[in-house]
Amino acid sequence: MSVLSDRDIRAALEAGQVLIRPYDPVDLQPSSVDLHLDRTFRVFRNNRYPYIDVRQPQPDLTELLRVEDDEPFILHPGEFVLGQTLEWVELPDDLVARLEGRSSLGRLGLLIHSTAGYVDPGWKGNLTLELSNVANLPIALYAGMRIGQISFFRMSSPVDRPYGSPELGSRYQGQSEPTASAYYRDYANGPKPKG
């Protein structure tokens, strides 16, 4: 795999191989594109369940909130919420992408993902952010702020089954809001065998 340079990213965007909407050329970096924070957040409500059960649907575990223009979303120390990118992203079947946080925000204690930094070939949707504050002070987040960057990697060949293929059961294809975990679906027909 090779990382796409700014000229390769620009060419992929112009050819329609990669879609980022909205896109502003000022967001193109040497080997990535800056992404921005949307105004919707999914917050956890710890008063509704005694614990998170990964085998059960818990529809009221989270609640969707929306901030208005210039209204801060305050992320408290130790707090974890889901956010999303303002940008809708679509990848072809021969590119994967990595979502990473901005160094300047990391230096303030803001992490934008725990494990969901990998974007599969064939992906279409807004990217859910796993926002954590590991600092000792609250952090104010604003809609439209630069929140992270996405880089692209060319694969050795196109994949046979891109994300969203019916046989894969892709859970988050086409998401347009911060989407809660659907991990419980792994247990829909009973526990999965080990190994």
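Residues numbered from 1 in each chain as written. Predicted model: local features only at pLDDT ≥ 70, side-chain atom pairs only at ≥ 80, totals over all residues. Heavy atoms only, no water.

Now, about the overall build of the protein chain: what can you tell me, with residues and values included?
The helix and strand inventory of the protein chain stands at 2 helices and 13 strands. The globule rule puts the C-alpha radius of gyration for 195 residues at 16 Å, and the 18 Å found for the protein chain is close to it. Dimensions of the protein chain, computed from the C-alpha atoms along their principal axes, are close to 50 × 45 × 25 Å. When the accessible area of the protein chain is evaluated, it comes to approximately 11,200 Å², of which 49% is carbon and sulfur surface. The average position of the 20 basic charges and that of the 26 acidic charges among the side chains of the protein chain differ by 5 Å. (Helix = DSSP H or I, 4+ residues; strand = E, 2+ residues; numbered from the N terminus. Rg over C-alpha atoms; globule rule 2.2 N^0.38 Å. Areas by Shrake-Rupley, 256 points an atom, 1.4 Å probe, with all protein chains shown as cover. Lys, Arg positive; Asp, Glu negative; His and termini not counted. Charge placed at Lys NZ, Arg CZ, Asp CG, Glu CD.)

Tell me about helix 1 (residues 6–14), and name the residues and values.
Of all the residues in helix 1, the buried ones are Ile9, Ala12 and Leu13. Buried residues along helix 1 cover an arc of 100 degrees about the axis, so they all sit on one side. Helix 1 presents Arg7 and Glu14 as exposed residues on the side facing more than 90 degrees away from its buried surface. Of the surrounding elements, those touching the buried residues of helix 1 are strand 2 (19–21), strand 3 (33–36) and strand 13 (146–154). (Buried < 20%, exposed > 50% of the residue type's maximum accessible area, 1.4 Å probe, protein only. Arc of directions from axis to C-beta. Contact = heavy atoms within 4.5 Å.)

Tell me about the side chain of Ser151, and please be specific about residues and values.
Along the polypeptide, Ser151 turns up in strand 13. Once residues within four sequence positions are removed from consideration, Ser151 is found in contact with Ser31, Ser32, Val96, Ala97 and Arg98.

I'd like a rundown of the packing of aromatic side chains, residues and numbers included.
Using the criterion set out here, one finds 4 aromatic pairs in the structure. Between Phe44 and Phe80, the aromatic rings sit 5.6 Å apart at their centres with planes inclined by 45 degrees, giving tilted as the arrangement. Of the two residues, Phe44 sits in strand 4 (residues 40–44) while Phe80 sits in strand 7 (residues 80–90), which places them 36 residues apart along the sequence. Judged by its relative accessible area of 32%, Phe80 is partly exposed. Between Trp123 and Tyr163, the ring centres sit 5.5 Å apart and the planes meet at 45 degrees, which makes this aromatic pair tilted. With Trp123 in the loop between strand 10 (118–119) and strand 11 (124–133) and Tyr163 in the segment after strand 13, this pair connects stretches of sequence that are 40 residues apart. (Phe/Tyr/Trp six-rings, centres within 6.5 Å; stacked < 30°, edge-to-face > 60°.)

Could you give an account of the pairing of strand 4, naming the residues involved and the relevant values?
In regular strands, side chains alternate between the two faces of the sheet. Among the 5 residues in strand 4, 4 count as buried, and that is most of the element. Of the strand pairs in this sheet, strand 4 and strand 5 (residues 62–66) are connected by 5 bridges, and their pairing is antiparallel. Of the residues in strand 5, the one forming a bridge with Phe41 is Leu65. Pairing of strand 4 with strand 7 involves 2 bridges; the strand directions are antiparallel. (Pairing = 2+ DSSP bridges.)

In short, geometric facts, not functional conclusions.
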